[in-house]
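If you want the building blocks of each chain, they are given just below.
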Amino acid sequence: MNTEILGVIFTYILTVALAIPLGRYIGKVFNYESTWLDKVFNPVDKLFFRLSGIDAATEMNWKQHLAALLTINAVWFIVSMLVLTNMSWLPLNPDGNPSMPGDLAFNTSVSFVTNTNLQHYSGEGGMSYLGQLILMLWQFISAGTGIAICAVVFMALKEKTSDTLGNFYSFFVRSCTRILLPITCVVAVILVFNGTPMTLEGKDTMISLQGDTVQVSRGPVAAFVAIKHLGTNGGGFFGANSAHPFENPNYFTNIVEITTQMLIPMAMVFALGFVIKRRKLSWMIFGVMSMGFLILTIPTVIAEMNGSPAIANMGIAQGMGSMEGKEVRFGAAASGYWSIATTVISTGSINSMHDSFTPISGMNQMLGMMINAFYGGVGVGILNFFIFIILAVFISGLMVGRTPEFLGKKIEAKEMKIAMVVALLHPFLILVGTATASHLYTGNPTEYAGWLSNPSHHGFGQMLYEFTSSSANNGSGFEGLGDNTPFWNTACGLVMLLARYLPIIGPVAIAGALAGKKYIPESNGTLKTDTATFGLMVFAVIAIIAALAFFPALTLGPIAEYFSLH
Amino acid sequence: MFSKKVNLSIKHLKYKHLTQIHKSWNGNWNVIGKQLNTQANMSTIIFIVLGLLVYALFYKFIHWFEKI
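Quick look at the structure, then. Note that the coordinates shown come from a computational prediction; the quantities given were computed from them, not determined experimentally. (Residues numbered from 1 in each chain as written. Chains lettered and ligands numbered in written order. Predicted model: local features only at pLDDT ≥ 70, side-chain atom pairs only at ≥ 80, totals over all residues.)

Looking at the overall build of chain B
Cut-off, in case you're wondering: Strands are runs of DSSP state E lasting at least 2 residues, helices are runs of H or I lasting at least 4, and numbering of each runs from the N terminus. Our exposure labels follow a C-beta count within 10 Å of each residue's own C-beta, placed from the backbone: buried means 20 or more other C-beta atoms, exposed means 12 or fewer, and partly exposed covers the counts in between.
Within chain B one finds four helices and zero strands. For chain B, the sequential pattern of α-helices and β-strands runs α-α-α-α. Counting across all 68 residues of chain B, residues that qualify as buried make up 24%.

Focus: the overall build of chain A
Just so we agree on the cut-off: In this treatment the radius of gyration is a C-alpha quantity, and the globule benchmark scales as 2.2 Å times the residue count to the 0.38 power. C-beta atoms are first placed from the backbone for all residues, and any pair lying within 7 Å is then listed as a contact.
Along its length, chain A carries 18 helices and four strands. Rg of the C-alpha trace for chain A: 23 Å, near the compact-globule value of 24 Å for 566 residues, within the 12% margin. For the C-alpha atoms alone, the extent of chain A along its principal axes is close to 75 × 55 × 50 Å. Sequence-distant contacts, at least 24 apart, represent 79% of the contacts inside chain A between residues at least 6 apart.

Re the interface of chain A and chain B
The following threshold applies: Note that Gly is not counted as nonpolar here; it falls among the polar residues with everything else outside the nonpolar set of Ala, Val, Leu, Ile, Met, Phe, Trp, Tyr, Cys and Pro and the charged set of Asp, Glu, Lys and Arg.
Facing 32 residues of chain A, the contacting portion of chain B comprises 29 residues. Going through the elements one at a time, helix 3 (62-84), helix 4 (102-113), helix 15 (413-443) and helix 17 (486-515) of chain A are the ones with two or more residues in the side of chain A that touches chain B. The element best represented in the side of chain A that touches chain B is helix 17 of chain A, accounting for nine residues. Among the residues making up the side of chain A that touches chain B, the classes are represented as 22 nonpolar, five polar and five charged.

Description of the packing of helix 10 (residues 279-306) of chain A against helix 12 (residues 331-344) of chain A
All names here are of chain A. Counted only if it meets this: Helix axes are fitted only over the stretch in contact, all axes being lines through C-alpha atoms; the angle between N-to-C directions runs from 0 to 180 degrees. Roughly parallel here means an angle under 35 degrees, roughly antiparallel means over 145, roughly perpendicular means 65 to 115, and every remaining angle is called oblique. The crossing is said to be left-handed when, going from far helix to near helix, the turn is anticlockwise and less than a right angle, and right-handed when the turn is clockwise.
Their axes nearest at 8 Å, the elements helix 10 and helix 12 cross at an angle of 150°. Comparing the axis directions of helix 10 and helix 12 gives the class roughly antiparallel. Helix-helix and strand crossings are classified by hand; for helix 10 and helix 12 the assignment is right-handed. Where helix 10 approaches helix 12, its residues Phe293, Leu296, Thr297, Thr300, Val301, Glu304 and Met305 are matched on the opposing element by Ala332, Ala333, Ser335, Gly336, Tyr337, Ser339, Ile340 and Val344.

Here we look at the environment of A:Ala148
Examined against the element boundaries, A:Ala148 turns out to sit in helix 6 (residues 129-156). It is 36 Å that separates the C-alpha atoms of A:Ala148 and A:Glu327, two residues lying 179 residues apart in sequence.

A look at the nonpolar core
Residues and elements named next belong to chain A. Counted only if it meets this: Under the definition applied here, buried Ala, Val, Leu, Ile, Met, Phe, Trp, Tyr and Cys residues are grouped into a nonpolar core through C-beta atoms within 7 Å.
Among the nonpolar cores identified, the biggest contains 184 residues, and Val152, Ile390 and Ile505 are the most heavily contacted of them. Sort the elements by how many residues they give to this core and helix 17 lands first, with 20 residues. Ile390 has contacts with Phe406, Ile411, Glu415, Ala419 and Ile510, leaving out every residue within four places of it along the chain.

Regarding helix 17 of chain A
Along an α-helix, residues three or four apart share an orientation, since each turn contains 3.6 residues. Using the following cut-off: Helix span, as expected, comes to 1.5 Å for every residue beyond the first.
In a regular helix each residue adds 1.5 Å, so 30 residues correspond to 44 Å; helix 17 of chain A covers 43 Å between its end C-alpha atoms and thus fits that length. Among the 30 residues that make up helix 17 of chain A, 29 are buried, leaving the element largely enclosed by the rest of the structure.

A word on the pairing of strand 1 (residues 204-207) of chain A
All names here are of chain A. Stated formally: Strand pairing requires that DSSP identify at least two bridges connecting the strands.
In terms of strand pairing, strand 1 meets strand 2 (residues 213-216) through four bridges, oriented antiparallel. From the neighbouring strand, Asp204 faces strand 2, where its bridge partner is Val216. Counting the residues in the hairpin turn of strand 1 and strand 2 gives five residues, including Gly211, whose phi is positive at 95°.

A closer look at the environment of A:Asn484
All names here are of chain A. Here Asn484 lies in the loop between helix 16 (456-471) and helix 17. Sequence separation between Asn484 and Met291 is 193 residues, and the spatial gap between their C-alpha atoms is 36 Å. Aside from chain neighbours lying at most four places away, what touches Asn484 is Leu104, His120, Tyr121 and Asn489.

Overview of the packing of helix 6 of chain A against helix 14 (residues 380-400) of chain A
Residue and element names in this part refer to chain A. Orientation of helix 6 relative to helix 14, taken along the N-to-C sense of each, is 40°, at an axis distance of 8 Å. Considering the angle they form, helix 6 stands oblique to helix 14. Contact residues: helix 6 offers Gly146, Cys150 and Val153, while helix 14 offers Val380, Ile382, Leu383 and Phe386. Residue classes in the contact of helix 6 with helix 14 are distributed as six nonpolar, one polar and no charged.

Concerning unusual backbone geometry
When glycine is set aside, most residues are seen to have a negative phi, and most peptide bonds are trans. Residue and element names in this part refer to chain A. The phi dihedral of Asn372 is positive, around 60°, even though this residue is not glycine. With respect to the secondary-structure elements, Asn372 resides in the loop between helix 13 (359-371) and helix 14. Asn372 sits in the buried class, given 28 other C-beta atoms within 10 Å. Here the phi dihedral of Leu407 falls at roughly 55°; this positive angle occurs in a residue that is not glycine. Note on placement: Leu407 falls in the loop between strand 3 (405-406) and strand 4 (409-410).

Here's the deal with helix 3 of chain A
Between its first and last C-alpha atoms helix 3 of chain A spans 33 Å; for 23 residues at 1.5 Å apiece the expected length is 33 Å, and the two agree. For helix 3 of chain A, the set of buried residues is A:Trp62, A:His65, A:Leu66, A:Ala68, A:Leu69, A:Leu70, A:Asn73, A:Phe77, A:Ser80, A:Met81, A:Val83 and A:Leu84.

Details of the environment of A:Phe534
All names here are of chain A. Its place among the elements puts Phe534 in helix 18 (residues 532-565). Along the primary structure Phe534 and Ala17 are separated by 517 residues, whereas in three dimensions their C-alpha atoms are 25 Å apart. For Phe534, the contacting residues outside a window of four places in its chain are Met284, Ser396, Lys528 and Thr529.

Scope: geometric values only; no functional claims are made or implied.
Below you can see the structure in the form of structure tokens.
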């Protein structure tokens, strides 16, 4: 078998093999069972709570959890705005990079606080080291927020009837100290030993092979890259993200980084089973997610390995596959695999330019973000999938003529209304945003000529991708789009905010409502939700919603581009 | 020293600037963006307020989802 394909298969199997024990560990962390890291981090937790004056033993209801989450995020948003708009004169700016204008600072602050990491700037020339370190902190906070709120939903899905669901601050701190920090340290050390810089010194000078003297940017890259992947953040230290040799030096680090970014989203699925003691349900969810992931991955890897017909028509050999925009050290297969992994989960880091992928691959990347529930981001991936489960339970209940129930709790009108609002929000934001941008561009193509590097089908795809990436809190981009403009900075900022918090508020509100309901023991008449049949039903619901909502837009973009090439 | 450097110094705000932005608006986002960013402190405050308004909206959503 082709060694490139073997590399991809090995990476996926390695990720699953690591995710299962990590899921068990995360389950222990949120069930407050003892773990081997307790001795190290219990004193740290206590010190944090003593300094902040928080009583971690106080039980909170679902509204208090959400209020805590929003308050933490709003405060960090303001801090981020102040730092980014003043970093030119603040410390740790050895390269003398400028402060950001308001619109770009808004986009960047929202982007990192919401775990999106959409970057309308280039790290080398647009960010001081203080700015990078602040963004690194947000990468911990946004990921910790996602894991903590997911833990709240886990608590709500336990069999007992309760209005209180643990303490958000406790979940948040444990997410950071017990899960994110230790693994980040391990990954960062691996990257340092493979050549990734970790320094606060400014640019270095080197002489290139042709004798030119060039300035090379560096910085605290290894730590940044480690949490960028582990927290499914995705924001690169450098503009080229993980295609840059300092961020991703070789094929081994490529395996490490791609495994790291998929690790927690997969592990959270297994953690659900351990926390609520329903492992069969976890395997059903994992099966559906994996089926969706492979359906998008396999055609993409094949399409990239087969090469680009447009380049082949120019008489250029495509023996190595479609290599425009890809790094030779990774190859077509690993780049294709990464492109789907990073869009299916909400990382958004890249090791190759998505703008250069074949149209089918571009469509699959967008579909991964449009569905946004095949593994998904840390914590929020499960919440998105939870919405699809609620919809599938309701539809299945109607089909078999029974009252819809999930885990012994009745699904009623209130839960369905919230689920529908959340399910429709994602396509609404993407399609309305893309339609607005298209209207502006076609109304004044001369003024907005800088937006699109490729007008026509691909240009439409670039705009569709940008809003899809923002709404999925993904952060990757079809880099042909000139996106550092007031319109894109403001519009994408607003979309990122709405698309981050409403899909958190909705599922937590549903979970809170379910937790307060009377538990009904399963009987022969109960619709079983941990079977393969129900898994297929959930998959069908996802496919139908995605197809109905996004197929027309995809037809105008990548599908039309595919037929124009063939 | 601090007020000279921090972009958010209140005394530097010119509320007439908002009127200028309004007058320059002709449906062109590039023009309004340039106008907005000519005064960094105003631009920063406007975008902080915008962000906080959206966060406030989410608190309303919590109550709305409770009563829906």
